[in-house]
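Chains, contacts and geometry: an overview
For reference, the chains in residue letters:
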Amino acid sequence: LKVRLDQTRKDAILANKVAEPKKVSVLELLDESETRQKIDLSSDDKLSVVVFFATWCPHCQREMPRLVEFYNQLQTSDLKDKVELVPIRAAIARENQSFASFKRQYGIPFPIMTDEGLSFELFANEQGIQAGFPLLAVTNTAGEVVYFPSHGDYNDTAKELFWILRSLQTQQ
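Description of the structure in this document. Positions within a chain are numbered from 1, following the residues in the order the chain's sequence is written. Where totals are concerned, whole chains, interfaces and linings use all residues; where local detail is concerned, this predicted model gives features only for residues with pLDDT of at least 70, and gives and counts side-chain atom pairs only at 80 or more. The side-chain numbers reported here are obtained from all heavy atoms of the structure, hydrogens and water having been left aside.

Examining the overall build of the protein
- Secondary structure follows DSSP: runs of H or I at least 4 residues long count as helices, runs of E at least 2 residues long count as strands, and numbering of each begins at the N terminus. Looking only at helices and strands, one finds five helices and eight strands in the protein.
- Secondary structure of the protein in N-to-C order comes out as α-β-β-β-β-α-β-α-β-α-β-β-α.
- In this treatment the radius of gyration is a C-alpha quantity, and the globule benchmark scales as 2.2 Å times the residue count to the 0.38 power. Radius of gyration (C-alpha) of the protein: 16 Å, near the 16 Å computed for a compact globule of 172 residues.
- Overall, the C-alpha framework of the protein stretches about 45 × 30 × 30 Å when taken along its three principal axes.
- Each residue is placed in one exposure class: buried if its accessible area under a 1.4 Å probe, protein chains only, is under 20% of its type's maximum, exposed if it is over 50%, and partly exposed if it falls in between. Classification of the 172 residues of the protein by burial places 46% in the buried group.
- Residues are treated as being in contact if the distance between any of their heavy atoms lies within 4.5 Å. Nonlocal contacts in the protein, meaning residues at least 24 apart in sequence, comprise 72% of its contacts between residues at least 6 apart.

Structure follows, in structure tokens:
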């Protein structure tokens, strides 16, 4: 029964592909050393998982352990060199704990970029979606968003992201 339910869920997720993929503009973000970086998701021939989140957002806080699980699984997967996780911290003016403390609290092993400006709003506007946290997006190797995976307590984020990434890998 679980296998059948997983297959039904997988089919539903993969059927929810963006009808007309749109390229992500170059994002101007700060890395963890506060150096300004231009991130071009079409420049390295990798699939990308982009996650906009806010440290103060309760939904983001619940999703963060799932993203850590995804990242850890990715590191031992055959997709390690083909997929880039791009976590982006946004809405930093509302933060009520230090960023270092947030990373420690959730045991985050990956680097996180910071949006100190309007990259989040620009991304949402360009993609024609409502801006809300957390926002997950998967891009193809051309830097076009092809999936906006859902999140939540009933989702297995790591498993679902791998389903999407493997489906995209077989399409290339």
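Here's the deal with the side chain of Q127
- Considering the arrangement of structural elements, one finds Q127 in helix α4 (residues 119-127).
- The exposure class assigned to Q127 is buried, which follows from its relative accessible area of 6%.
- Q127 has contacts with K22, K23, V24, V145 and F148, leaving out every residue within four places of it along the chain.

Considering the environment of K38
- Relative to the helices and strands, K38 resides in strand β3 (residues 36-39).
- K38 gets classed as exposed once you look at its relative accessible area, which sits at 60%.
- Remark: the alpha-carbon pair of K38 and L27, spanning 11 residues in sequence, is separated by 5.6 Å.

Examining the nonpolar core
- Only buried residues count toward a nonpolar core, which is a set of Ala, Val, Leu, Ile, Met, Phe, Trp, Tyr and Cys residues joined through side-chain atoms within 4.5 Å. Ranked by internal contacts, the top residues of the largest apolar core, which has 52 residues, are V49, F70 and F133.
- Those residues within four positions of F70 in sequence are excluded, and the remaining contacts are V49, L85, A158, L161, F162 and L165.

Quick look at the pairing of strand β7 (residues 135-139)
- The element β7 is largely enclosed, with a buried count of five among its five residues.
- Judged by which residues are buried, β7 turns out to be covered on both faces: L135, A137 and T139 on one side and L136 and V138 on the other are all buried.
- Pairing between two strands requires that DSSP report at least two bridges joining them. When β7 meets strand β8 (residues 144-147), the two strands line up antiparallel, connected through two bridges. Paired with T139 across the strands is V145, a residue of β8.
- Connecting β7 to the antiparallel partner β8 that follows it, the hairpin turn spans four residues, and G143 within it adopts a positive phi of roughly 80 degrees.

A word on the pattern of salt bridges
- One speaks of a salt bridge when a side-chain nitrogen belonging to Lys or Arg is within 4 Å of a carboxyl oxygen belonging to Asp or Glu. Under the criterion given, the structure shown has nine salt bridges.
- A salt bridge links D6 to K159, with the shortest nitrogen-to-oxygen separation between them at 2.8 Å. Here the residue D6 occupies a position in helix α1 (residues 2-15), and K159 occupies one in helix α5 (residues 157-170), the gap between them amounting to 153 residues.
- Here E160 makes a salt bridge to R9, at a shortest N to O gap of 3.1 Å. In this pair, E160 sits in helix α5 while R9 sits in helix α1, placing the two residues 151 residues apart along the sequence.

As for the packing of helix α2 (residues 58-75) against α5
- Viewed as axis vectors pointing N to C, α2 and α5 meet at an angle of 50 degrees, and their least axial separation amounts to 8 Å. Taken together, the axes of α2 and α5 are oblique relative to one another. The two elements α2 and α5 meet at a crossing, and its hand is right-handed. Packed against α2, whose contacting residues are E63, R66, L67, E69, F70, Q73 and L74, the element α5 presents T157, A158, L161, F162 and L165 at the interface.
- Here the nonpolar group is Ala, Val, Leu, Ile, Met, Phe, Trp, Tyr, Cys and Pro; Asp, Glu, Lys and Arg are the charged ones; every other residue, Gly included, is treated as polar. Among the residues forming the contact of α2 with α5, the class breakdown is seven nonpolar, two polar and three charged. Here an axis means a line fitted to C-alpha atoms, over the contact stretch when the element is a helix, while the angle between two N-to-C directions is reported on a 0 to 180 degree scale. Any angle between 65 and 115 degrees counts as roughly perpendicular, while under 35 counts as roughly parallel, over 145 as roughly antiparallel, and the rest as oblique. In this scheme the crossing of two helices becomes right-handed for a clockwise turn of the near helix relative to the far one and left-handed for an anticlockwise turn of less than a right angle.

Some points on the pairing of β3
- Strand direction decides the pairing type here: strand β2 (residues 27-30) and β3, joined by four bridges, are antiparallel. Residue pairing across strands places L30 opposite R36, the latter belonging to β3.
- Where β2 folds back on β3, the antiparallel hairpin that results is connected by five residues, among which E34 adopts a positive phi of roughly 65 degrees.

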